[in-house]
Amino acid sequence: MSAVLVRSDEDSGVAVVTLNRPERLNAVDLAMARELAGVWRRLRFDDAVRAIVLTGAGERAFCTGIDRDAVVPQPNSPYAQDDPLLGVGPKANDLWKPVVAAVRGMACGGAFYLLGEAEFVVADTTASFFDPHTTYGMVSAYESVLMAQRMPYGEVARMALLGTAERISARRAHEVGLVSELVEEGEALTAAIACATVIAGHPTQAVQGTVRALWAATEAGRSRGIAQAPHLIALGNAQAREQARLFATRGREYRLR
């Protein structure tokens, strides 16, 4: 079964892209990363699709980032870091059609590569957001850079530094602006499709031009932050064996804020 499902409605002009690994909490392995990049590239050429909704299959998670079992070969150099998640977002694949994210359940770690490249986020009351990197001895670099475009500095810093000890509730995410609309349990996808349908009904060129203008407004800060990320990761990440130990011994309890 495909790890990424695409369902298009020609009448509305909306495509729903679903991360389809619910048994792994929609974590992204290398095959799924390639498939997702391919989906965005194909949608660039599909003129019948004018707006997109991105969601995750199942009830437990939108996405939990990179699959812990994924083996990512790395160059034997402190100056080079290969990150398969850098290519999973729509903007990374030059797609300028608007993307609305619909979040149910957990969204953490590498999920922020996707949320950071969506135009806005709709979430239901089960949604929660956290960044586990520091708990596992890893630098939160790309994730923090992308979230710094969406949330106040203090909120991003708190999320990144507290790691798995705390999760941002859907209510708090809505209060700080990460989530644009908060809906009842199970209603995020319906609400996101409703927004995308309105957007898809507007003139295409005006919509895509607006998306590019909005992205350009934060491009300078984002580009400078991302340029520093590989060096900070190379310097700050614990060795793989130590990361595995920290993952295995992490605390299971957390505060929902």
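These figures come from a predicted structure and were not determined experimentally.

Trainee: What's the story with the nonpolar core in this structure? I'm lost.
Mentor: As a rule of thumb, soluble globular proteins bury nonpolar side chains together. Counting 48 residues, the largest nonpolar core has Val17, Trp40, Leu43, Ile52, Val103, Leu115 and Phe129 as its most contacted members. If one sorts the elements of this core by residue count, helix α1 (residues 30-44) sits on top with 6 residues. Counting 15 residues, the second-largest nonpolar core is a separate cluster that includes Val100, Val122, Ala188 and Ala191.

Trainee: Help me understand the packing of aromatic side chains, please; the structure alone is not making it clear to me.
Mentor: Evaluation of the coordinates by the stated rule reveals 3 aromatic pairs. Judged by centre distance (6.4 Å) and plane angle (70°), the rings of tryptophan 96 and tryptophan 215 are edge-to-face. A residue pair is termed long-range when its members are at least 10 positions apart, and tryptophan 96 in the loop between β4 (61-63) and β5 (99-103) and tryptophan 215 in helix α7 (residues 204-217) qualify at 119 residues. Using a relative accessible area of 15% as the deciding quantity, one classes tryptophan 215 as buried. Judged by centre distance (5.1 Å) and plane angle (70°), the ring pair of tyrosine 136 and phenylalanine 247 falls under edge-to-face. One end of the pair, tyrosine 136, is in the loop between β8 (128-130) and α3 (142-147); the other, phenylalanine 247, is in helix α9 (residues 240-248), and 111 residues separate them in sequence.

Trainee: Sorry if this is basic, but what is going on with the sheet that holds β8 here?
Mentor: The strands making up a sheet associate through hydrogen bonds between their backbones, and the pairing can be parallel or antiparallel. One open sheet accounts for 5 strands, arranged β4-β6-β8-β9-β11; its pairing is mixed. Only two strands of the sheet have a single partner each, and these edge strands are β4 and β11 (255-256). Pairing of strand β9 (residues 166-169) with β11 involves 2 bridges; the strand directions are parallel. If you follow glutamate 166 over to β11, its bridge partner there is arginine 255. Taken strand by strand, helix α4 (residues 153-162) contacts β8, β9 and β11, and its axis lies near 140° from that of β9.

Trainee: What am I meant to see in the environment of phenylalanine 62 here?
Mentor: Topologically, phenylalanine 62 is positioned in strand β4. In this structure phenylalanine 62 comes out as buried when scored by relative accessible area, which is 0%. Remark: the alpha-carbon pair of phenylalanine 62 and proline 75, spanning 13 residues in sequence, is separated by 31 Å.

Trainee: Where do I start with the pairing of β9 in this structure?
Mentor: When a strand is regular, its side chains alternate between the sheet's two faces. Burial of the side chains of β9 extends over both faces: Glu166 and Ile168 are buried on one face and Arg167 and Ser169 on the other. By the bridge criterion, 2 bridges tie β8 to β9 in an arrangement that is antiparallel. Residue pairing for β9: phenylalanine 129 is matched across the bridge by isoleucine 168.

Trainee: Help me understand helix α8 (residues 219-236) in this model?
Mentor: It helps to recall that an α-helix has 3.6 residues per turn; residues three or four apart then point in one direction. Along its 18 residues, α8 runs 25 Å from first to last C-alpha, staying within 8% of the 26 Å computed at 1.5 Å per residue. Along α8, the sharpest kink reaches roughly 35°, centred on alanine 229 and followed within four residues by the proline proline 230. Restricting attention to buried positions, one finds in α8 the residues Arg222, Gly225, Ala229, Pro230 and Ile233. Buried residues in α8 make contact with α3 and α7.

Trainee: I would appreciate a short explanation of the layout of surface pockets in the present structure.
Mentor: Where empty space is left becomes clear once a probe the size of a water molecule has been rolled over the atoms. Its boundaries defined by the atoms lining it, the second largest pocket holds a volume of some 210 Å³. Lining the second largest pocket are 13 residues, with Ser140, Ser144, Val145, Tyr153 and Val156 positioned closest to its centre. Sorting the residues of the lining of the second largest pocket by element identifies α3, α4 and α8 as the ones contributing at least two each. At 4 residues, α4 tops the list of elements feeding residues into the lining of the second largest pocket. The residue inventory of the lining of the second largest pocket, partitioned by class, reads 10 nonpolar, 3 polar and no charged.

Thresholds, definitions, all that
- Residues numbered from 1 in each chain as written.
- Predicted model: local features only at pLDDT ≥ 70, side-chain atom pairs only at ≥ 80, totals over all residues.
- Heavy atoms only, no water.
- Core = buried A, V, L, I, M, F, W, Y, C linked by side-chain atoms within 4.5 Å.
- Buried < 20%, exposed > 50% of the residue type's maximum accessible area, 1.4 Å probe, protein only.
- Helix = DSSP H or I, 4+ residues; strand = E, 2+ residues; numbered from the N terminus.
- Phe/Tyr/Trp six-rings, centres within 6.5 Å; stacked < 30°, edge-to-face > 60°.
- Pairing = 2+ DSSP bridges.
- Contact = heavy atoms within 4.5 Å.
- Axes fitted to C-alpha atoms, helices over the stretch in contact; angles between N-to-C directions.
- Expected span 1.5 Å × (residues − 1).
- Bend = angle between axes of the 7 residues up to and from the residue.
- 1 Å grid on protein atoms, 1.4 Å probe; cavity = no way out; pocket = protein on both sides within 12 Å on 5 of 7 lines; lining within 4 Å.
- Points joined across faces, edges and corners; volume = space filled by probe spheres on them.
- Nonpolar A, V, L, I, M, F, W, Y, C, P; charged D, E, K, R; others polar.

That's the geometry; what it means functionally is another story.
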